[in-house]
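# Structure at a glance
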Amino acid sequence: MLGHDSIALEFTCTTQPQRFGSGDGKGKLLNDTVEFILPGNVPTSEVEKFFTGQFAAARGPEYSATLRFHDTFDWRLYRAGWVLEEATRGRRGVVGCYNRRTGDHVSIPVTGRLRHLHELGGLQEERDLRGVVGLRALIAQAQLPVRVSEIKLLNDDQKTVVHCRVGQYQAPDAAEANSEFTAIRLLGLRGYTAELRIAAARIASATNTTQRECAVLHRTMEVLGQTLDEHAVKPHIRLPPSATALQWMSAICTRLVDVMVSNEAGIVQDIDTEFLHDFRVAVRRTRSALGQIRGVYKTESITRFSSEFAWLGQVTGPLRDLDVFLLHFDELRASVPVELHDGLQGFNDYLRGQRIRERRRILKHLRGERYHSLVEDWRCFLAEPGTRHRGGAAGQTVVPVAREHTLRIWRRVLKQGRCINDSSPPQALHDLRISCKKLRYMLEFFTPLQTAGNAGHLTRRLRRLQENLGDFQDCSVQIETLYNIAHQTAWDQPDTVLALGALIQQATDRGTAARQDFHRRFQSFDTRSTARLFERLFAQTQIKVA
């Protein structure tokens, strides 16, 4: 939450972050924060009356600011327990970095808009958050104008025992009816826990409301008509086990096309590389659903869609490959001898130039008629496929359909893996990797139908095998790509070719190591305990079908 000392001083705090936690002495700000939301614009004078007879109130400064909540596009910080809240006046502001699970928070002054984690000043919190954020950029997920008033609650000795912040919010352009609300935030001080509880009880009694965790964030999202989980990549289906296979398939594919569309703007604006990644994952999952959950739709009815989604995967692939190279460029550079570092700069320039061209090509496709027709026609088909498009499994209860197709792919994985030996071509491992990916998607599609605990165990075991196969495939692709680039491009520096050769050799060594580790990984997956988990996967939701 926002650091109250910083706000109360109207952003005149020092450049040192103010840290609040249980280690502070008496009278210092604690991690105890209580929030209440009241409808409408409640005057600060009315809030003061809540405490009459218990505390004296000393009014602090009042000011207008813009409140912004920062997170990644898919809310990674919030899901990990963190909230980043920024209050700004012009170019000056304060960021509150708050862990809603532990209560620890720090208040950090910033100049200009917060855009990157490094602007938090290299604090431990910044390093912790970087592990959560990964490759994603921070964006302002929600913002509202606010009129802030500060109140200090004093005891009989005229000592401050609780800080009270009153914020009056109004959504721009009246986002919803009665969008005005007032947030009261109490921040406790060490040694005065009882006073904090009394103050909170006074508000609850006077307003007939209850405190709520992250109340301002949640109410802001409600006012703006947004939710915190709308950009989740995995399709979370909320249908009963009695639903038909057609209903389940429609829900899966509708969710996936929603994910695709929600990532379009991020790809166009080039906010971070994960927008394209999540877009492609949604495309792959859609293709897998169409190819593996057979009999729900007639084959001839979805041939065109299968072909078009394959096209979409192909045209977005080259840019993703370039992104992967650039994301790992520092690692690649560090892996070759120092004397070849300068030679890799030409390779970096080449990748960036290719990325510009590939991005232009993708933007042309995303704005083109072919893509928009695919999305529109697919949505219409999913909404009402019509009797003539429904296959024989469409009306069946989903559980036996899910079981049949999941176990079929699992058996294919076992058959392919058991046939691989030291002389098998790389394509055999690639085919197994694709089958494992399809099996993983099936487990994700039907998670709500599965026996509690089984799906998690299976996913973890499958993931370990996939990591090995993915490493081998990445090395194979990298070797082929680097070889083609080295031979098809005229380089200004001979050292660039030498550096590319060194990268090829390293990729070859890593691929060899992954290949040698394959049998151990596969044997860890191909066990009796894994087989029992698969056989019992849908045991609790078994439904007899006439």
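This text gives an overview of the structure that appears in the document. Here the structure is a predicted model, which is why all the values come from computation and not from measurement. (Residues numbered from 1 in each chain as written. Predicted model: local features only at pLDDT ≥ 70, side-chain atom pairs only at ≥ 80, totals over all residues. Heavy atoms only, no water.)

Regular strands have side chains that alternate between both faces of the sheet. Pairing geometry for strand β3 (residues 56–71) and strand β7 (residues 139–154), over 14 bridges, is antiparallel. Following the sheet pairing, Phe 69 is matched in β7 by Ala 142. Summarising the sheet, β3 and strand β4 (residues 82–89) pair through five bridges and their orientation is antiparallel. Following the sheet pairing, Arg 68 is matched in β4 by Glu 86. (Pairing = 2+ DSSP bridges. Helix = DSSP H or I, 4+ residues; strand = E, 2+ residues; numbered from the N terminus.)

Below, the discussion takes up helix α13 (residues 398–419). Spanning 22 residues, α13 covers 32 Å between terminal C-alpha atoms, matching the ideal 32 Å at 1.5 Å per step. Looking at α13, one finds that the buried residues are Val 398, Val 399, Val 401, Ala 402, His 405, Thr 406, Leu 407, Ile 409, Trp 410, Val 413, Leu 414 and Gly 417. Residues of α13 that are buried in the fold lie against α7 (245–269), α8 (274–292), α14 (426–445), α16 (494–525) and α17 (528–535). (Expected span 1.5 Å × (residues − 1). Buried < 20%, exposed > 50% of the residue type's maximum accessible area, 1.4 Å probe, protein only. Contact = heavy atoms within 4.5 Å.)

Another point: the nonpolar core. The tendency in soluble globular proteins is for nonpolar side chains to be buried side by side. By size, the foremost hydrophobic cluster in this structure holds 76 residues, and its most contacted members are Leu 312 and Phe 446. Element by element, the count of residues in this core is highest for α7, at eleven residues. By size, the runner-up hydrophobic cluster in this structure holds 24 residues, among which are Leu 67, Tyr 78, Tyr 169 and Ala 183. (Core = buried A, V, L, I, M, F, W, Y, C linked by side-chain atoms within 4.5 Å.)

Okay, the environment of Val 324 next. Mapped onto the elements of the fold, Val 324 is located in helix α9 (residues 299–327). Val 324 gets classed as partly exposed once you look at its relative accessible area, which sits at 32%.

What follows covers the packing of aromatic side chains. Under the defined criterion, the tally for this structure stands at 18 aromatic pairs. Here the aromatic rings of Phe 325 and Phe 347 are separated by 5.8 Å at their centres, their planes lie at 85°, and the arrangement is edge-to-face. Taken together, the residues span a long stretch of sequence, with Phe 325 in helix α9 and Phe 347 in helix α11 (residues 341–366) at a distance of 22 residues. Accessibility expressed as a relative area gives 9% for Phe 325, which makes it buried. When its relative accessible area of 0% is taken as the criterion, Phe 347 is described as buried. Just above the ring of Phe 275 sits the side chain of Arg 136; from NZ or CZ to the centre is 4.4 Å. Lying over the aromatic face of Trp 311, Arg 370 brings its terminal NZ or CZ to 4.1 Å of the ring centre. (Phe/Tyr/Trp six-rings, centres within 6.5 Å; stacked < 30°, edge-to-face > 60°. Lys NZ or Arg CZ within 6 Å of the ring centre and 35° of its normal.)

On to unusual backbone geometry, then. Located in the positive-phi region is Asn 208, a residue other than glycine, with phi close to 60°. Turning to its location among the elements, Asn 208 is positioned in the loop between α5 (193–207) and α6 (215–223). On the accessibility criterion, Asn 208 (72% relative accessible area) is exposed. Of note, Asp 270 is a non-glycine position whose phi angle comes to about 55°, a positive value. A relative accessible area of 32% places Asp 270 in the partly exposed class.

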